[in-house]
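Each chain, letter by letter, is given below.
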Amino acid sequence: MRLRATYTRDQGVRHMIAALDLATGRLHYRIRDRKRWREFLAFLKTCAAAGPTSAST
């Protein structure tokens, strides 16, 4: 007889949206309670507002 996995997520689920800056190797991330296009778009706007990083070549 196989037992089913029984557990509860009392605190809910968290979602991480992340982006890696290849110029600096820095990881930019946000932890949110929901995963919708609104949260993703807000994250992209935050990244765009930070501006491009200047890579020394």
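Here we summarise the structure given alongside this text. Positions within a chain are numbered from 1, following the residues in the order the chain's sequence is written. In keeping with the predicted nature of the model, local features appear solely for residues at pLDDT of at least 70, side-chain atom pairs appear and are counted solely at 80 or more, and the whole-chain, interface and lining totals rest on all residues. To obtain the side-chain values, all non-hydrogen atoms of the structure were included, while hydrogens and water were left out.

Quick word on the layout of surface pockets
Where we set the bar: The pocket and cavity definitions rest on a 1 Å grid over protein atoms only: a 1.4 Å probe that fits but cannot leave marks a cavity, an open set with protein on both sides within 12 Å along at least five of seven lines marks a pocket, and residues lining either have an atom within 4 Å of a point. Grid points are joined across faces, edges and corners, and a volume is the space filled by probe spheres set on the points. The numbering of helices and of strands both runs from the N terminus, where a helix is a DSSP run of H or I of at least 4 residues and a strand a run of E of at least 2. By the convention adopted, Pro, Cys, Tyr, Trp, Phe, Met, Ile, Leu, Val and Ala count as nonpolar, Lys, Arg, Asp and Glu as charged, and the other residues, Gly among them, as polar.
Considering only enclosed or pocket space, the largest pocket measures out at about 210 Å³ in volume. At four residues, the largest contribution of residues to the lining of the largest pocket is made by helix 1 (residues 37-50). Partitioned by chemical class, the residues of the lining of the largest pocket number six nonpolar, four polar and two charged.

Some points on the pattern of salt bridges
The condition is simple: A carboxyl oxygen of Asp or Glu within 4 Å of a side-chain nitrogen of Lys or Arg is what we treat as a salt bridge. Any residue under 20% of the maximum accessible area for its type is buried, any over 50% is exposed, and the rest in between are partly exposed; the area is computed with a 1.4 Å probe on protein chains only.
Here the structure, examined in full by the defined rule, presents two salt bridges. Taking the shortest distance from any N to any O, the salt bridge between Asp33 and Arg14 comes out at 3.2 Å. Here Asp33, found in the loop between strand 2 (26-32) and helix 1, pairs with Arg14, found in the segment before strand 1 (15-21); they are 19 residues apart in sequence, far enough to count as distant. With a relative accessible area of 54%, Asp33 lands in the exposed category. Classification of Arg14 as partly exposed rests on a relative accessible area of 47%. For Arg36, the salt bridge is made with Glu39, and the minimal N-O distance between the two is 2.9 Å. The class for Arg36 is partly exposed, based on a relative accessible area of 29%. Look at Glu39 and you get buried, because its relative accessible area is 15%.

A word on the pairing of strand 2
Heads up, the rule is: A pair of strands is treated as paired once DSSP finds two or more bridges between them.
Note: strand 1 against strand 2, seven bridges, orientation antiparallel. Paired with Leu20 across the strands is Leu27, a residue of strand 2. Hairpin remark: strand 1 followed by strand 2, antiparallel, with four residues in the connecting loop; positive phi at Gly25, about 80°.

Topic: the environment of Met16
The line we're drawing: We call two residues contacting when some pair of their heavy atoms lies within 4.5 Å.
Within the secondary structure, Met16 sits in strand 1. A relative accessible area of 54% places Met16 in the exposed class. Spatially, the C-alpha atoms of Met16 and Arg38 are 14 Å apart, while their sequence positions differ by 22 residues. Beyond its immediate stretch of four places on either side in the chain, Met16 contacts Tyr29, Arg30 and Ile31.

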